[in-house]
Amino acid sequence: LKTHKVVDLAEILSNEMIEATMIRKGGYGNEVSLRGFGKSDLRVLVDDGLLEGACGSRKDPSLSHINMLTVDKIEVRQGPFDVTKAGALGGSINVMTKKPQKEFLGEVLTKAGSYDFLSSGFYTTGGNEKIQGLIGYNYSESDQYEDGDGNKLYRFAPAGRPYNAKGKNMKAFEKHDVWGKLQFTPTENQTILFSYAYGKADDIMTPRAGMDIDSEKTYMGRADYSITDLGTFSDKLSFSFYQNSVEHEPFDKYRELAGNPPFHRHNEVKSTITGGKIENKKSAGFARFTYGIDAYKHNWKGNMYRDDTGVNMDDELIPDVNGYDFGLYLKADKNYNNLSLSAGFRYDRFESKADEELKQSIAVTSTNKNNDNLFSGYLSAEYYLMDNAFLFGGVGQSIRTPTAVERYLQSPSPYFHGNPDLDPTKNREFDLGFQLTGRIFSFRTKAFYSDLKDYIYQQGKQTADSHQTWANIDAHIYGANVKMIVDIISDFSVETAA
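Residues numbered from 1 in each chain as written. Predicted model: local features only at pLDDT ≥ 70, side-chain atom pairs only at ≥ 80, totals over all residues. Heavy atoms only, no water.

Visitor: Just checking my understanding: could you explain the overall build of the chain for this structure?
Guide: Each helix and strand in the chain was counted, giving 3 helices and 26 strands. Over its C-alpha atoms the chain spans a radius of gyration of 24 Å, differing by no more than 12% from the 23 Å that the globule rule assigns to 498 residues. Looking at the chain residue by residue over its 498 residues, the buried ones come to 49%. Pairs at least 24 residues apart make up 64% of the contacts formed inside the chain by residues separated by at least 6 positions. Total accessible area on the chain stands at roughly 23,100 Å², and carbon and sulfur atoms take up 54% of it. (Helix = DSSP H or I, 4+ residues; strand = E, 2+ residues; numbered from the N terminus. Rg over C-alpha atoms; globule rule 2.2 N^0.38 Å. Buried < 20%, exposed > 50% of the residue type's maximum accessible area, 1.4 Å probe, protein only. Contact = heavy atoms within 4.5 Å. Areas by Shrake-Rupley, 256 points an atom, 1.4 Å probe, with all protein chains shown as cover.)

Here it is, written out as C-alpha cells:
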C-alpha cells in the first residue's frame, strides 16, 4: 500500500489484481469491478460494516470514502462463496483498518507527484496491557490529470455542461481525513474496541457527469466486543454495531449553461447505514462452524435546489427511502485427508419503502413498498493432488436487492426514475481452478460462469412515454484468468497475469 498514491483504493486494486478493472471518473473517487461485477453488484465493507456512497449516479463510490493510511489489509472475495455478508452478488471487498497496539509507534508519510499531487499524514498508536489508542490525520490534493494527448480532466465534460473558465483551472480534489480508535482489554480473552473516522472533501471534479461535488462529508463510527475461549459454547463470540453516513452535495457552478436546464442547481443527498452483527465460531468434533445474525437499516434521501432562487425544485429526488435487512447465516468447514469441504446457507428478509410521493414512477406503478425473502448458499471444495498442488471449485447462489435509487429515484427532467417493481438479482455461479506452488514460483488459473436471473439493467433509451428507468433482464458473465509469480532473488520477483 505504501508504494501507491494515498488517494484511491480502486486504482490500487486494479493495479494489483488481474480480476479488477477501474473505471476512471476523475482524479479521485473511481469505480472498480471484479470479473465484470461492479457498482452495487459488488459489496464494499469497512471492518465488516456496510458502506455505500450517497450519490444516485455514483460520483462517490464506496471505496472513495476510505483513507489509505487507515488500511491494514484488504480482503477480496470473488463469487457467491461467503454467506456472512448480505448482498454480495459478485463478491465483496472488505477493508480492514489498523488496530491500536500496546507498543508506542507511529508513521509520518508525505508523497508528492505529477500534476501537483500532494498527500501528507501521520498516525500514532500506543498504550499498555489494558488500554490502547490510535489517532491519525491525512491531507491530500491534486490538480487535474492529463491523458496521453495532453487533455486535462475538464475536456471530458458532456456537451450540455462544459466547464467554465473557473472550472477549467480548478483542482481535481482536496480532502481531509481524521480518525481514532480506543481499545480496552480487561482480560486476556476480552476486547472492546471503539472506532471513529471523519472525512471532508471539497471541489471534487467529476467530469464524466454534468455536476461536480461541492462538499462531501463521511462519518464512520463503530463499536466491537469479542470474547474467546468460552468452553463448549464458543471459541469466539463477537458483537458489533456500526453507523456509516455520507453527506453528498453535487453542484454545477463550474459549468456553462449550454443545455437544459438553463440555470445552476445543486443537490443535497444523505445516505446512512446503521447495522450490527452477532457471530459465534465453534469447532465441533466433525466440523468448524460459523453462525450468526446481522441486521441493518439504510436511509437514503435527497433534494435538488435552484441556485438562483433557492427553490426546492425536486424534493423527492431520492424520496426518503428506508431499507431494512435481517439475516441469518451458517457455514461449516471440514477436512478429510486431501479433501477440504465448505458449505454455507443464508436467509435474508428485506423490506424497502419510500416515505415520499413517487411523482414520476406513478406513471408505471403505484407501488412504494417492497418485501423480499432471499435464500442464498454455496458448496465448495479443495482437493490436494500433492502437498503443493490442488484443484478447487464450487457452486453457489448469491442475491442482491435493488438499491433505493434503482427502485425509487424521481427526476423530472428528463423523466428518469426508479422502478419499484424491480426484482432482486440472483447470481447462480460455478467456479473451477488449479493452483501449483514450487520453491521459486507459483501458478494459479481459474474459470467461472455466472447465470444472472433478473439482472438489474439501466435502460439506455427512453420508453414510448418518455420515461427512462431500470429493468430486470437475464444475463450471463463468464471468464477465466491465469497468474504466475517467479522469485528471482530475495525480495525480487516477476509476476505475469492475463
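Visitor: Looking at this model, I keep getting lost on the sheet that holds strand S4 (residues 43-46). Mind explaining?
Guide: Hydrogen bonds between backbone groups are what pair the strands of a sheet, and the pairing can be parallel or antiparallel. Here we have 4 strands laid out as an open sheet, ordered S5-S4-S7-S6, and mixed in their pairing. The sheet is open, and its two edges are formed by strand S5 (49-50) and strand S6 (71-78), each paired on a single side. Bridge count for S4 against strand S7 (residues 91-97) is 4 bridges, and the pairing is parallel. By the bridge assignment, Val44 is partnered in S7 with Ile93. (Pairing = 2+ DSSP bridges.)

Visitor: Would you take a moment to explain the environment of Thr425 for this structure?
Guide: When you line up the elements, Thr425 lands in strand S23 (residues 425-437). Counting along the chain gives 29 residues from Thr425 to Asp454, while the straight-line C-alpha distance between them is 5.0 Å. Not counting chain neighbours up to four residues away, the residues in contact with Thr425 comprise Leu89, Ser398, Ile399, Arg400, Lys453, Asp454, Tyr455 and Ile456. Among the polar contacts made by the side chain of Thr425, one reaches the main-chain amide nitrogen of Ile456 at a distance of 3.4 Å. (Polar contact = N/O pair within 3.5 Å; in protein donor to acceptor, adjacent residues only side chain to side chain.)

Visitor: Would you mind going over the sheet that holds strand S2 (residues 31-34) with me for this structure?
Guide: Taken in spatial order, the 3 strands line up as S1-S2-S3 in an open sheet, and their pairing is antiparallel. Pairing within the sheet leaves two strands with one partner each, and these edge strands are strand S1 (20-23) and strand S3 (37-38). Pairing geometry for S2 and S3, over 2 bridges, is antiparallel. Looking at the pairing, Ser33 lines up with Gly38 of S3. Its contacts with the sheet place helix H1 (residues 9-16) against S1 and S2, and it is angled at close to 140 degrees to S1. (Axes fitted to C-alpha atoms, helices over the stretch in contact; angles between N-to-C directions.)

Visitor: Whenever I open this one, a nonpolar patch on the surface confuses me. Can you help?
Guide: A contiguous nonpolar surface patch, about 430 Å² in accessible area, is contributed by Val108, Phe122, Ile135, Tyr137 and Val178. Structurally, Val108 can be placed in strand S8 (residues 105-113). (Patch = residues over 30% accessible without salt bridge, like charges linked within 9 Å, V, L, I, M, F, W, Y side chains within 5 Å. Salt bridge = Lys/Arg side-chain N within 4 Å of Asp/Glu carboxyl O.)

Visitor: Would you explain the pairing of strand S12 (residues 190-204) in this entry?
Guide: Here is the key point about a regular strand: its side chains alternate between the two faces of the sheet. In this sheet, S12 lies alongside strand S11 (residues 173-184) in antiparallel orientation, the contact comprising 11 bridges. Bridge assignment links Trp179 to a residue of S12, and that residue is Ala197. Following S11, the chain reverses through 5 residues before pairing antiparallel with S12. Bridge count for S12 against strand S13 (residues 212-228) is 14 bridges, and the pairing is antiparallel. Opposite Tyr198, over in S13, you have Tyr219 as the bridge partner.

Visitor: Help me understand the nonpolar core, please; the structure alone is not making it clear to me.
Guide: Burial of nonpolar side chains together is a common tendency in soluble globular proteins. Counting 25 residues, the largest nonpolar core has Leu9, Leu13, Val32, Leu63, Ile66, Ile93 and Val95 as its most contacted members. Of all the secondary-structure elements, those providing two or more residues to this core are H1, S2, S4 and S7. No other element matches the 4 residues that H1 contributes to this core. When near neighbours in sequence (up to four residues on either side) are disregarded, Ile93 contacts Leu13, Val32, Leu34, Leu42, Arg43, Val44, Leu45, Leu63, Ile74 and Glu75. One finds Val246, Val321, Leu358 and Tyr408 within the second-largest nonpolar core, a separate group that totals 18 residues. (Core = buried A, V, L, I, M, F, W, Y, C linked by side-chain atoms within 4.5 Å.)

Visitor: Can you walk me through the pattern of salt bridges in this structure?
Guide: Any two side chains of opposite charge can pair if their charged atoms end up close together. As enumerated under the stated definition, the model contains 33 salt bridges in all. A salt bridge links Glu52 to Arg43, with the shortest nitrogen-to-oxygen separation between them at 3.2 Å. For Arg43, a relative accessible area of 10% gives the class buried. A salt bridge links Asp355 to Lys353, with the shortest nitrogen-to-oxygen separation between them at 3.3 Å.

Visitor: I'm lost on H1 in this one. Help?
Guide: Since the α-helix advances by 3.6 residues per turn, residues separated by three or four positions end up pointing in the same direction. Of all the positions in H1, only Leu9, Ala10, Ile12 and Leu13 are classed as buried. Each buried residue of H1 lies within a common arc of 160 degrees when the element is viewed along its axis, so the set occupies one face. Its side-chain oxygen placed 3.0 Å from the backbone nitrogen of Ala10, Asp8 serves as the N-cap of H1. (Arc of directions from axis to C-beta.)

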